[in-house]
Amino acid sequence: MQLPKLDPAAQETRTVGSGRYRSRMRIFLICLLLLATRALAEEIPSEKSGVVGPAKYRHWEVSLETAQMVGVDNRNRYYFSTQMLNLAWEPFRPLRLGPIRLRHQLMGTFFAAAILSGPESYYFGGGLQLRLIVPLGDSRFSLYGNSGGGMGIADANEADKDDLGLGQDFTFILLAAAGVRYAINDQWSAWLGGMWHHLSNNDLSEPDKRNTGLDEFGVVLGAGYSF
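As the structure is a computational prediction, the values presented were derived from the model and not from experiment. (Residues numbered from 1 in each chain as written. Predicted model: local features only at pLDDT ≥ 70, side-chain atom pairs only at ≥ 80, totals over all residues. Heavy atoms only, no water.)

Throughout the structure, instances matching the rule amount to nine aromatic pairs. Centroid distance Y225 to F227: 6.3 Å. Interplanar angle 20°. Geometry classified as stacked. Owing to a relative accessible area of 43%, F227 belongs among the partly exposed residues under this scheme. One aromatic cluster is present, formed by W188, Y225 and F227 through successive ring pairs. The cationic tip of R131 hangs over the ring face of W191; the distance from NZ or CZ to the ring centre is 4.9 Å. (Phe/Tyr/Trp six-rings, centres within 6.5 Å; stacked < 30°, edge-to-face > 60°. Buried < 20%, exposed > 50% of the residue type's maximum accessible area, 1.4 Å probe, protein only. Lys NZ or Arg CZ within 6 Å of the ring centre and 35° of its normal.)

On to the pattern of salt bridges. Per the counting criterion, the structure on display carries four salt bridges. Here E61 and R131 are joined by a salt bridge, their closest N and O atoms 3.5 Å apart. Note that E61 is positioned in strand 1 (residues 60–71) and R131 in strand 5 (residues 122–135), a separation of 70 residues in sequence. When sorted by exposure, E61 lands in the same class as R131, which is buried. With its nearest N and O atoms 2.8 Å apart, the salt bridge here joins E90 to R103. Placement of E90 in the loop between strand 2 (79–89) and strand 3 (95–97) and of R103 in strand 4 (residues 100–117) is noted, with a sequence separation of 13 residues between them. There is no split in this pair, since E90 and R103 are both buried. Each of the salt bridges in this network shares a partner with another, and the network as a whole consists of E61, E65, R131 and R181. (Salt bridge = Lys/Arg side-chain N within 4 Å of Asp/Glu carboxyl O. Helix = DSSP H or I, 4+ residues; strand = E, 2+ residues; numbered from the N terminus.)

Moving on, we get to unusual backbone geometry. The omega torsion of the bond from E206 to P207 falls at 0°, within 30 degrees of zero and hence cis. Locating P207 in the fold gives a position in the loop between strand 8 (188–200) and strand 9 (214–226). Positive phi is not limited to glycine here, since N202 has a value of about 55°. Note that N202 resides in the loop between strand 8 and strand 9. Accessibility expressed as a relative area gives 54% for N202, which makes it exposed. The phi angle at D203 is positive, at roughly 70°, despite the residue not being glycine. Relative to the helices and strands, D203 resides in the loop between strand 8 and strand 9.

Structural data, given as structure tokens:
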């Protein structure tokens, strides 16, 4: 069987066309590689200047906060001086939602409160919170907000049914805060804001002792170190 002979002109045209296709594919792959490299090396948001290099992205932050809280719904006129130790984990790089940049932290909070006014004298506990941080342009300032809940122990006066105290030693706590953060440098930051606490035993002391929910509002000041 005799194979058909290929036209030399057609063969040359195919060779040239194939060569052009391979050249275009090389150019396309090079452009794609350059875009991917640029995306991987793209700077990410920071509280300091709005952007920092990838090597400066830090997953962890340890911080201390002090809050002065006043009860607003109780005739005992509670006053809490609360100290908090936080360990925050930022699992993902900051998110971009159009012009808005958003950081988020999962935070474990341990707190110790001296109750300077009220039937109890102390409160110790811990909880989990979610914190959101929104950098303001390229400045060192950011807005932040966090909320969460936990549980703790107080020295409640369980004998007196009418003192409008916490009702029992074991109670639950809800907390939230919002304010302004300032990045001192790539690792240190400080913030000032308002805070709310709600304490309640969720009716575990009923009917022997009244469950009196307690709300406090106040000012919180904090400082953190990222690593």
